[in-house]
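Structural description and commentary
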2 protein chains.
Amino acid sequence: MLDRISSFFEQECKDSALEPILVGVSGGPDSLCLLHLLFRSKRSLIIAHFDHQLRPTSLQEAEGLRELASRMGVNFVTGSQNVRSFASEHGFSLEEAARKLRYDFLFTQARQLGAPVIAVAHHADDQVETILMHFLRGAGLNGLKGMTAVTKLPEFDPDIRLIRPLLETWRWEIEAYCNEFNLEPMQDESNLDQTYFRNRLRHTLIPDLETYNPGFKMTLLRSSRSLAGDQELVNIAVDAAWGKCRVVLSDNFASMDMGALINTSPAILRNIFRRVAIHVRPGIRDVNFEAVERLVQFVKEVKGVSSRINFTDGLFGFSEAGKLYITDDLDHLPLPEWPQVEIESIIKIGKTVLLEGSGWVLKAEEIDIPDLAEIHRNTDPFQVWMDADLVYGKLLIRNRKNGDRFRPLGMQTGKIKVSDLFINEKIPNRARKNFPLVCLDAEILWIPGLRSSHRFRITESTRKCLHLKLSKL
Amino acid sequence: MLDRISSFFEQECKDSALEPILVGVSGGPDSLCLLHLLFRSKRSLIIAHFDHQLRPTSLQEAEGLRELASRMGVNFVTGSQNVRSFASEHGFSLEEAARKLRYDFLFTQARQLGAPVIAVAHHADDQVETILMHFLRGAGLNGLKGMTAVTKLPEFDPDIRLIRPLLETWRWEIEAYCNEFNLEPMQDESNLDQTYFRNRLRHTLIPDLETYNPGFKMTLLRSSRSLAGDQELVNIAVDAAWGKCRVVLSDNFASMDMGALINTSPAILRNIFRRVAIHVRPGIRDVNFEAVERLVQFVKEVKGVSSRINFTDGLFGFSEAGKLYITDDLDHLPLPEWPQVEIESIIKIGKTVLLEGSGWVLKAEEIDIPDLAEIHRNTDPFQVWMDADLVYGKLLIRNRKNGDRFRPLGMQTGKIKVSDLFINEKIPNRARKNFPLVCLDAEILWIPGLRSSHRFRITESTRKCLHLKLSKL
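Here is a short report on the structure shown in this document. Treat the numbers as computed from the prediction; the structure is a model and nothing was measured.

Attention now goes to the sheet that holds strand S10 (residues 316–320) of chain B. Residue and element names in this part refer to chain B. The sheet built from 5 strands is open, its strands ordered S7-S8-S11-S10-S9 with antiparallel pairing. Only two strands of the sheet have a single neighbouring strand rather than two, namely strand S7 (248–249) and strand S9 (306–310). Relative to strand S11 (residues 323–327), S10 is paired through 5 bridges, and the arrangement is antiparallel. The residue of S11 that forms the bridge with Gly317 is Ile326. Packing of helix H12 (residues 266–280) onto the sheet brings it into contact with S7, strand S8 (253–257) and S11, and relative to S8 it is tilted by some 155°.

Next up, the structure:
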């Protein structure tokens, strides 16, 4: 088994700095065996123990490991948290909560102590159970390939690697090793994540499946290697599409180019959406097939200004202005296309007004009368020229109010509702409430980006000109 | 269900000529339901029935279907073969033999009758059983994705498409449909391939797995769609590598460029080797993981002139002269690099001799004495210049005999064994026996491609020159 560890490091980790290794040790047979093997292979180690506070004896176990570490002359760090109460506070299952807190601890310690690698003791039986669980619950390639021998968990750290040197070693081999070297497990660590479901798999279903194929466990382990290779090929294809679809990941949302998505195969889309979900909701481990399929269908059929569809785990897909967003709250999304104003502000000629919080500014100037041809050539909908002599009174910029109406340039009689204009101009719903209107007292002078008022237009008789321009900071 | 059939044709088969459809009908509920649906959707059909001769009543069943077809006004074709004796003759399982003979029949009929499409009645329960069987026995992505709704079976026909319109319809829906329309199955077609293994899956294992996840069957069906998409992505990657590795498929072997294989990722190699195996041994449906892995390892480690490794189903991998071959017999492989001669032939000056069966010819001419510098500049090892005055006697070309020796150009005394020369020059084993030697009576004059005899070399005193040249036809 020592040889196997050496060849693991040779084959899987050939090209990078690997020490010190932070070893996650629970005190059970698997992690004691791993620790012993790594110690014998003369690597620089740090023992890290996380106390889940799930058993009354857990404190003694931590103390026992501290003594063991000191006898070995190896650094020892420990952390402790009440997994049960964390789980009930956050609505996690016990297994999920334990995983999250344990990895939080391990990665934080590794960062602080400068360990580029964390070793954990998952073994071949764990792998078989994990794959079988994914198979039963429904999983894509990523779930069916099982755990990876060397991986990263970006939700905990972007750089530190997680390695599983025992992933091809069976439980019985570990037990035999512990016997041979008189390692005395402090607890049966398998109890930790032996939920009822996993327990049934281990003790009932797997032995049952072995009556269909006596080599079932080995078969599954081999399939997983083959599938992991195929997953790499899929990843390469997805990486290529990722750029084309201009996927941008932020903390609370992701955005993608809708036009490119429409021309992308469903197989690629599924993978992109899975990756995005895992980024926006770290901790999701495999994304429900229907959820992904719903989003794929949404992309193929989306119509109108903006629309949304449920995705998974509180996330939804939201289509707007040629973009697909995935988020759990529209407030997280940028409004790159449209200015917004929350607080009414007075506009002073010759000054610049900042529209609070939206990153846009408004500049108002009196200028000489420009060539009319120049005004007609204008392609920037966020600037306007008006007859300055008509503008007397309080000039201000404010957001929309119910019942706002005005007469746009070119309309000879009557008025239109601002709300109707928004609909006709396909202004997204979420941009309407705080869309800025420039007003003279109660009269709407200009809706930046859309229309100006007919009454204030430049005519042959205009003698002074007011130039208004909105721009992004 | 009629709507489902319509949307199947809309979505899966949108862009091609589809009629007439040859429908495989056994007379069981699945195929009767399929036939009825296709008939109601007003497509042009041909009913094709294959009698496996597995039951004493099979003749009556065929007659029953003939009457049904005539009542429907649909063309009817039938075939019959003793599956059981075919299976025992060829060492197939009953299920394999039935599949092979049935598809042989269906594709042959479709070709003869100009049907571009064959429809078969596999349904969602069949799909679940197939995937589960692959999962238990060990399968890559290709096995786990299950059957495909629209596919081709190149081992039977390169162009005709096989469609499975009921692949997302459950057995209970088919039974309900048969009841609704009073379709009377002539037999329970599921008996046909109900081997013991499949039977246990259907009646024991699947209900058991549903206690772990009540929606297990639906889950698996969905996973299969997702995996099928990923398989397409993998196929695209493999297609690209296929060209780079210069994979050439012949009837009895495949050849690949070893240098390119060495620089190809194991995940791609696995897929290439699987595809090659399926081509060289049509009828293999999924290739054993170890077999593939052995070949991948072989590519990474291969050394020496030529070596071989067992692959699968009697096939082996064979590395030689920068190529990897996959075949079941070295005699199938070309010897593109080396001339071969099976029958001794007399060489006449001024004439050309064809080396029987090898595609090479030898031309012998007397020429003026060339510039010695020209001879030294020669880079073609298959031509030689000799002193013609020394060449009197019987000039012939023959293959190697045990004990052949000669003194190569530049060697002053003694002789070397031709067999040692072959080894030093890395002539592959299989090319040695029939390697051509040009002799004057019993004396070796020239070994084309390798060395000429010291005694016949051109010297200052040469007055007449014999020019020998071997070339490919």
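The subject of this paragraph is the packing of aromatic side chains. Under the criterion given, the structure shown has 29 aromatic pairs over all chains. For the ring pair A:Trp360 and A:Phe382, a centre distance of 5.0 Å and an interplane angle of 55° mean the geometry is tilted. Remark: A:Phe382 occurs in the loop between helix H14 (372–377) and strand S15 (383–387) and A:Trp360 occurs in strand S14 (residues 360–367); sequence separation between them is 22 residues. Neither residue differs from the other here; A:Trp360 and A:Phe382 are each classed as buried. B:Arg137 extends its terminal NZ or CZ atom over the ring of B:Phe197, reaching a point 4.3 Å from the ring centre.

Looking now at the sheet that holds strand S9 (residues 306–310) of chain A. Residue and element names in this part refer to chain A. Across the sheet, which stays open at both edges, the 5 strands sit in the order S7-S8-S11-S10-S9 with antiparallel pairing between neighbours. Unpaired on one side and paired on the other, strand S7 (248–249) and S9 mark the two borders of the sheet. Sheet strands in contact with helix H12 (residues 266–280) are S7, strand S8 (253–257) and strand S11 (323–327), and its direction is about 155° off that of S8.

Think of it as a corkscrew move, a rotation about one axis and a shift along it, taking one chain copy to the other. Structural alignment of chain B on chain A gives an RMSD of 0.2 Å, achieved by rotating through 180° and translating 0.1 Å along the axis. Accordingly, the operation relating the two chain copies is best matched by a two-fold axis. Of every C-alpha in chain B, the one belonging to B:Val234 sits nearest the axis of rotation, 3.1 Å from it. Most of the interface of chain B is mirrored in chain A, where 100% of its interface residues are also at the interface.

What follows is about the side chain of A:Gln383. Residues and elements named next belong to chain A. With respect to the helices and strands, Gln383 occurs in strand S15. For Gln383, the side chain forms a polar contact with the side chain of Asn378, separated by 2.8 Å. Beyond its immediate sequence surroundings of up to four residues, Gln383 is in contact with Asn378, Trp446, His467, Leu468 and Lys469.

Here we come to the interface of chain B and chain A. Across the contact, 40 residues belong to chain B and 40 residues belong to chain A. Both sides together, the interface formed by chain B and chain A hides about 3500 Å², and carbon and sulfur atoms give 65% of it. Among the residues of chain B in contact with chain A, B:Phe135, B:Tyr212 and B:Leu233 are the three that bury the most area, contributing 22% of the side total. There are 2 salt bridges connecting chain B and chain A. Notably, a salt bridge pairs B:Glu290 with A:Arg222, separated by 2.1 Å at the nearest N-O pair. The interface formed by chain B and chain A includes 10 residue pairs in polar contact (both at pLDDT 80 or more). Those elements that provide at least two residues to the side of chain B that touches chain A are helix H6 (124–137), helix H7 (141–144), helix H9 (196–209), helix H10 (216–244), H12 and helix H13 (289–301) of chain B. Looking at the side of chain B that touches chain A element by element, the count peaks at 12 residues for H10(B). For the side of chain B that touches chain A, the per-class residue count stands at 20 nonpolar, 11 polar and 9 charged.

What follows concerns helix H6 (residues 124–137) of chain A. Because each turn of an α-helix spans 3.6 residues, side chains separated by three or four positions end up pointing in the same direction. All names here are of chain A. Between its first and last C-alpha, H6 extends 20 Å over 14 residues, near the 20 Å set by a 1.5 Å rise per residue. Among the 14 residues in H6, 12 count as buried, and that is most of the element. Buried residues of H6: Ala124, Asp125, Asp126, Gln127, Val128, Glu129, Thr130, Ile131, Leu132, Met133, Phe135 and Leu136, and no others. One or two positions beyond H6, positive phi appears at Gly138, with a value near 95°.

Leaving glycine out, the prevailing phi sign among residues is negative, and the prevailing peptide bond configuration is trans. Between A:Glu19 and A:Pro20 the backbone carries a cis peptide bond, its omega angle lying at -5°. Following the sequence through the fold, A:Pro20 ends up in the loop between helix H1 (2–12) and strand S1 (21–24). Notably, A:Gln53 is not glycine yet its phi reads approximately 55°, a positive angle. You can see A:Gln53 is positioned in the loop between strand S2 (45–51) and helix H3 (58–72). With a phi angle near 45°, B:Arg246 is a residue other than glycine that sits in the positive phi range. As for its position among the elements, B:Arg246 is in the loop between H10 and S7. B:Arg246 sits in the exposed class, given a relative accessible area of 52%.

So, how was this worked out
Residues numbered from 1 in each chain as written. Chains lettered and ligands numbered in written order. Predicted model: local features only at pLDDT ≥ 70, side-chain atom pairs only at ≥ 80, totals over all residues. Heavy atoms only, no water. Pairing = 2+ DSSP bridges. Helix = DSSP H or I, 4+ residues; strand = E, 2+ residues; numbered from the N terminus. Contact = heavy atoms within 4.5 Å. Axes fitted to C-alpha atoms, helices over the stretch in contact; angles between N-to-C directions. Phe/Tyr/Trp six-rings, centres within 6.5 Å; stacked < 30°, edge-to-face > 60°. Buried < 20%, exposed > 50% of the residue type's maximum accessible area, 1.4 Å probe, protein only. Lys NZ or Arg CZ within 6 Å of the ring centre and 35° of its normal. Least-squares fit on C-alpha atoms with pLDDT ≥ 70 in both. Polar contact = N/O pair within 3.5 Å; in protein donor to acceptor, adjacent residues only side chain to side chain. Buried area = accessible area lost by both parts, 1.4 Å probe. Salt bridge = Lys/Arg side-chain N within 4 Å of Asp/Glu carboxyl O. Nonpolar A, V, L, I, M, F, W, Y, C, P; charged D, E, K, R; others polar. Expected span 1.5 Å × (residues − 1).

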